[in-house]
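Reading the structure
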Amino acid sequence: MALRLGDLAPDFEQDSSEGRIRFHDWLGDSWGVLFSHPADYTPVCTTELGLTARLQDEFVRRGVKAIALSVDGVESHKGWIQDINETQSTTVNFPILADGDRKVSQLYDMIHPNANETLTVRSLFIIDPKKRVRLIITYPASTGRNFHEILRVIDSLQLTDNHSVATPGNWQDGDDVVIIPSLKDEAVIREKFPKGYKAVRPYLRLTPQPNK
Ligand code: BEZ
């Protein structure tokens, strides 16, 4: 069955551009972003991996490890990484899994046969430190992903895991957030949100981001 939010991210052992990886051990206590792309030496994938490398400081600041995957082999990955570094003015400093036997692709349902019988689509999973799947997105081969959006979701997850809030549509770090509807006790709300809040409706209560 396909993976769903809240499921345990399947563990695996697979080769990569940085050697053999045992996924859960490799993740350790970090958050993880596991993402597949259709093939090495393709233009959109080249820009996506370049972007991820350029955003590496942002991932590290949030305690997140990135790991890419395609069904191409280790030698192909290594050659392509040099191309990415040259053409995208960066240094790829995360592993690319070489999933020639489709082990990981199958575990994570990354091959969608009606789109392409053999290549992975653009799947992406955010995994938390308890190894639970927290975000799943799937993009077609022709559309590169927005990695600033991935960072935005990580910011939201890390905030909402620790405070009784949720983040509104188009929220960016620093914007007001909403108090979760299940929190009703006025005294608790005052204690949790000393900066106050605005009730636009009883179910829509905005408050300044509590960790700022
Ligand atoms: C690309 O990464 O550019 C790409 C890969 C597969 C199909 C279309 C585009």
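Rules and cut-offs
- Residues numbered from 1 in each chain as written.
- Predicted model: local features only at pLDDT ≥ 70, side-chain atom pairs only at ≥ 80, totals over all residues.
- Heavy atoms only, no water.
- Buried < 20%, exposed > 50% of the residue type's maximum accessible area, 1.4 Å probe, protein only.
- Helix = DSSP H or I, 4+ residues; strand = E, 2+ residues; numbered from the N terminus.
- Pairing = 2+ DSSP bridges.

This paragraph deals with the pairing of strand E6 (residues 122-127). Most of E6 is tucked away: 6 of the 6 residues are buried. Side chains Arg122, Leu124 and Ile126 of E6 all project onto a buried face; the interleaved residues Ser123, Phe125 and Ile127 project onto the opposite face, where all are buried too. Pairing of strand E3 (residues 31-36) with E6, which is carried by 4 bridges, proceeds in the antiparallel orientation. The residue bridging glycine 32 from the neighbouring strand is isoleucine 127, located in E6. Here E6 pairs with strand E7 (residues 133-139) via 6 bridges, running antiparallel. Its bridge partner being in E7, isoleucine 127 is matched across the sheet by valine 133. From the end of E6 to the start of E7, which pair antiparallel, there are 5 residues, and lysine 131 there has a positive phi angle of about 70 degrees.

Looking at the element boundaries, glutamine 88 is found in the loop between helix H4 (74-87) and strand E5 (96-98). Classification of glutamine 88 as buried rests on a relative accessible area of 17%.

Such coordinate-based values are descriptive only and should not be taken to indicate function.
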